[in-house]
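# Working through the structure, step by step
Each chain, written out:
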Amino acid sequence: MKKFVLTLSKYFPKTHKRAGESTDFIKKLVCSLSCPGDCSICDIDQTKFKKIHTIRANYELWTKRIDQIQKGEARLSIRYWSGKPYNSPQVQIHELDKYSDIGIQKLEFSASGIIGMIRIDNEFPDVSIADIAVNDGLSYLDFKEWFKNYDLSKPMAIIHFTGMRY
């Protein structure tokens, strides 16, 4: 069976103000998948500390991949680098298949970028960028900094790990 790999960053990238600091994405993802409500075993407040989706460039590519997963033709392996990215083995955190709640939505930014209006699946949602940032495992300021070098004129993919949708 085909397997697609999606890596999560353990640390903020060199281009970020918080470069080298831990993102806690692995813990946030595991806790979000293990206990979607209040989760005392994760010792976190789920309203402020979760990773229920990731946002990626190349919406068209990810749409094709998620479609294959939902049809049972592929799986998504969520991983992180054990050491230096691209120079160390990857460690699998979780695998999603057609029986999971995996999904995708199209995220589009206005000409103003992250500070402007957004559309999700061609509609203007009743959700803020700050809410999307939190669900992505970041604060609003970290989210803004993370995506500062992305081409926001092109649609982005919100890859959902849970059944939540906007």
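Residues numbered from 1 in each chain as written. Predicted model: local features only at pLDDT ≥ 70, side-chain atom pairs only at ≥ 80, totals over all residues. Heavy atoms only, no water.

## Points about the side chain of His53
- Looking at the secondary structure, you find His53 in strand 2 (residues 53–56).
- Residue His53 is classed as buried on the basis of its relative accessible area of 0%.
- A polar contact of 3.1 Å, which involves the side chain of His53, links it to the side chain of Asp136.
- Polar side-chain contacts of His53 include one of 2.6 Å to the side chain of Tyr166.
- What His53 contacts, discounting residues up to four positions off in sequence, is Ile132, Asn135, Asp136, Ile158, Ile159, His160, Phe161, Met164 and Tyr166. (Helix = DSSP H or I, 4+ residues; strand = E, 2+ residues; numbered from the N terminus. Buried < 20%, exposed > 50% of the residue type's maximum accessible area, 1.4 Å probe, protein only. Polar contact = N/O pair within 3.5 Å; in protein donor to acceptor, adjacent residues only side chain to side chain. Contact = heavy atoms within 4.5 Å.)

## Here's the deal with helix 1 (residues 25–34)
- Within the sequence span of helix 1, burial applies to Phe25, Lys28, Leu29, Cys31 and Ser32.
- In this structure, the buried residues of helix 1 make contact with strand 3 (74–81), strand 4 (90–96) and helix 4 (140–146).

## A word on the environment of Pro155
- Structurally, the position occupied by Pro155 is in the loop between helix 4 and strand 7 (156–160).
- Judged by its relative accessible area of 21%, Pro155 falls in the partly exposed class.
- C-alpha of Pro155 to C-alpha of Pro85: the two residues are 70 residues apart in sequence and 26 Å apart in space.
- Excluding its chain neighbours within four sequence positions, the residues that come into contact with Pro155 are Asn58, Tyr59, Glu60, Lys106, Leu107 and Glu108.

## Overview of the pairing of strand 5 (residues 103–110)
- Counting buried positions along strand 5 gives seven out of eight residues, so the element sits mostly inside the fold.
- Sheet topology places strand 5 next to strand 7; five bridges connect them, and they run antiparallel. The residue bridging Ile104 from the neighbouring strand is Ile159, located in strand 7.
- Two strands pair when backbone bridges link them, and strand 5 and strand 6 (residues 113–120) are joined in this way by four bridges, in the antiparallel orientation. (Pairing = 2+ DSSP bridges.)

## Concerning the packing of aromatic side chains
- Under the defined criterion, the tally for this structure stands at five aromatic pairs.
- Both rings, one in Phe143 and one in Phe147, keep their centres 4.7 Å apart while their planes meet at 50°; by these two values the pair is tilted. Each member of the pair Phe143 and Phe147 is classed as buried.
- Within the aromatic cluster, the residues linked to one another by ring pairs are Phe12, Phe25 and Trp146.
- Lying over the aromatic face of Phe25, Lys51 brings its terminal NZ or CZ to 4.3 Å of the ring centre.
- Geometry around Trp62 places Arg65 over its ring, the cationic atom sitting 4.9 Å from the centre. (Phe/Tyr/Trp six-rings, centres within 6.5 Å; stacked < 30°, edge-to-face > 60°. Lys NZ or Arg CZ within 6 Å of the ring centre and 35° of its normal.)

## Regarding the pattern of salt bridges
- Throughout the structure, instances matching the rule amount to 10 salt bridges.
- The shortest N-O distance in the salt bridge between Arg18 and Asp142 comes to 2.4 Å. Placement of Arg18 in the loop between strand 1 (2–7) and helix 1 and of Asp142 in helix 4 is noted, with a sequence separation of 124 residues between them.
- Judged by relative accessible area, Asp142 falls into the buried class, the value being 10%.
- Across the salt bridge formed by Glu95 and Arg75, the nearest N and O atoms sit 2.9 Å from each other. Of this pair, Glu95 sits in strand 4 while Arg75 is found in strand 3, placing the two residues 20 residues apart along the sequence.
- With a relative accessible area of 23%, Glu95 lands in the partly exposed category. (Salt bridge = Lys/Arg side-chain N within 4 Å of Asp/Glu carboxyl O.)

## Points about the sheet that holds strand 1
- The strand order 1-3-4 describes an open sheet built from three strands, whose pairing is mixed. With one partner strand each, in any of the chains shown, strand 1 and strand 4 form the two edges of the open sheet. Put simply, the sheet's adjacent strands are angled 35° from each other on average, direction ignored.
- Running at roughly 25° to strand 4, helix 1 makes contact with strand 3 and strand 4 of the sheet.
- The sheet contacts of helix 2 (residues 59–70) involve strand 1, strand 3 and strand 4, and relative to strand 1 the element is tilted by about 130°. (Axes fitted to C-alpha atoms, helices over the stretch in contact; angles between N-to-C directions.)

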